[in-house]
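# Structural characterization, general
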Amino acid sequence: MKRTSANGGSSSERDRPYFIKGWPFLGQLPALANDLIGSLRRFAERDDRPVEFKIMTSNAYLVSSPDAVKEVLTRGEPEFTKGILTSSMKAAFGDSLALENGADWRRKRKLLQPLFMKKSVQAWRPIINSNVDLLVERWSHRDAEGSVVNITAEANHLILDIMTTIMFGEDMSPERAQAAAEAVTSINEALFGVFCRSFVLRGSNQNSKLAQGKKFRNALKKFNDIVDHSITSSTAQSTSTLIDQFRSLKSSDGDQLSEKEVRDEATAFFFAGLETTANALVWAFYYLASYPDFADRIAAEASELSESHLPDFDEAERLPFTHAFVMETLRLKPPAYALERRASSETNPVQGCPLKRNATVILSPAVTHSHADYWEEPDKFCPDRFELGNKSQQHQFAFFPFGGGARKCIGMHLALMELITTIAKCAQKFEFRLVHDQTVGDKVGVTLMPDRDIQLILRHRRPV
């Protein structure tokens, strides 16, 4: 399916972005502040070209068609670099890979990439299996059939346990785990305010500190204290952890990460790996409870594999429906709901439309993934659309929950392994139902999360 211009337009008009006029001085800031994703979706409905709008004094473009998304993500630097929103995160994550541009980014990506290749992350499968098995065992010993679990808390603690073991080689105490989860939630919520203020203040170093606010600084201090304690513990244990691998990385010409760079990467990976994967897992459990027939199919698929530990395998091949279920979850509820780039002075036209220098370019999975021009029945939860025979019919960049091009998320393979393994094992052993048919909405922070803790009724699955 290919979109056509919403307003037709002459050939000369089609050579320019579609402009949406906003409020004097404020531009589209009130609309975006009131309903960010909803506003972006309405912008995308106007035209298939880049849609231009103003946020205060800043120029911005929404790029939503798969062809245009492909152009921006695959052309990359120097035309499109990380911009204001990304620089505002440096207070939290320093000069980590995801926030770098140019030669600094290329250097770190070259060093770190081998650790996150699909084959490499298989080494972490036993950690994932053992932690999910502990969760299943704990749920199995609940006193009453049909007990209620806070799946938001459970998913966050599971991914936190997995991430701390991979990164630091330790199990957090319940108290520190709770403190870490609360700090991550607070940072997520506060960072969204930092993003908004950074747009208004234009992202200079001085203004970046002003944009942070007390809530953000307090949450960040708590999180950094936890990370620092774990780094110290990892050093004392001298185990083969991810942070040890960060320290031992060396390129062919002898280049290594400095100790500050090691800490920045550890902090960023720990936060991003926890926040995005945990939220995706919560949404996946929500859909398991909402669609029992799909959960039955996942259980049957998982039962064909090993009872105790899922062996090394390609998830898409050995658990095709579970893989499709997770992909459909990421389509409708992409944790990274919007990506930001800055158009440089050297930027070539996108879809033939020139972009203003230093403008912010927004690419939103939450918009493109739910647009009727690119998906049939886009609001319907339908995993079958991602099964192997159907996937080839879809434009490659109509679905980009992990970004794309050279800057595609380095942790993608780990996240998918965590999600698919957890859903397969849990659906194999349990049935889930929503408490009181609760309706859950979206909450926008750094990631897309449910607007409340999700409560599920848990029952042991009976053999068929």
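The structure reproduced in this document is the subject of the present report. (Residues numbered from 1 in each chain as written. Predicted model: local features only at pLDDT ≥ 70, side-chain atom pairs only at ≥ 80, totals over all residues. Heavy atoms only, no water.)

## A closer look at helix 15 (residues 320-332)
Test applied: Helix numbers and strand numbers start at the N terminus; a helix is a DSSP run of H or I with at least 4 residues, a strand a run of E with at least 2. Here a helix's expected span is defined as the number of its residues, less one, multiplied by 1.5 Å. Partly exposed describes any residue whose relative accessible area lies between the buried limit of under 20% and the exposed limit of over 50%, with all areas from a 1.4 Å probe on protein chains only and scaled to the type maximum.
With 13 residues, helix 15 ought to run about 18 Å at 1.5 Å a step, and its terminal C-alpha atoms sit 19 Å apart, in line with that. Judged by how many residues are buried, helix 15 sits mostly within the fold: twelve of 13 residues are covered. Taken together, the buried positions of helix 15 are Phe321, Thr322, His323, Ala324, Phe325, Val326, Met327, Glu328, Thr329, Leu330, Arg331 and Leu332.

## With respect to the pattern of salt bridges
To keep it simple, the criterion reads: Note on definitions: salt bridges are taken to be side-chain nitrogens of Lys or Arg within 4 Å of carboxyl oxygens of Asp or Glu.
Here the structure, examined in full by the defined rule, presents 27 salt bridges. Among the salt bridges present, the one from Glu261 reaches Arg107, with a minimum N-O distance of 2.9 Å. Placement of Glu261 in helix 12 (residues 259-290) and of Arg107 in helix 6 (residues 102-112) is noted, with a sequence separation of 154 residues between them. For Glu261, a relative accessible area of 16% gives the class buried. Look at Arg107 and you get partly exposed, because its relative accessible area is 25%. Here Arg297 makes a salt bridge to Glu387, at a shortest N to O gap of 3.9 Å. Residue Arg297 is located in helix 13 (residues 292-303), and its partner Glu387 is located in the loop between helix 16 (365-368) and helix 17 (388-391); the two are separated by 90 residues in the primary sequence.

## Quick word on the nonpolar core
As a reminder, the rule being used: The nonpolar core is taken to be a set of buried Ala, Val, Leu, Ile, Met, Phe, Trp, Tyr and Cys residues, with the residues joined through side-chain atoms within 4.5 Å. Throughout, a residue-residue contact means that at least one pair of heavy atoms, one from each residue, lies within 4.5 Å.
Counting residues in each nonpolar core, the largest one holds 106 residues, and the members touching the most others are Trp139, Phe246, Phe285 and Phe432. At 18 residues, helix 12 tops the list of elements feeding residues into this core. Excluding residues that lie within four positions of it along the chain, Phe432 makes contacts with Trp139, Phe285, Leu288, Ala289, Cys426, Leu456, Ile457 and Leu458.

## Re the environment of Ala266
Position of Ala266 among the secondary structure elements: in helix 12. In this structure Ala266 comes out as buried when scored by relative accessible area, which is 0%. Linking Ala266 and Ile243, residues 23 residues apart in sequence, is a C-alpha distance of 6.5 Å. Excluding residues within four positions of it along the chain, Ala266 makes contact with Met167, Ile243 and Phe246.

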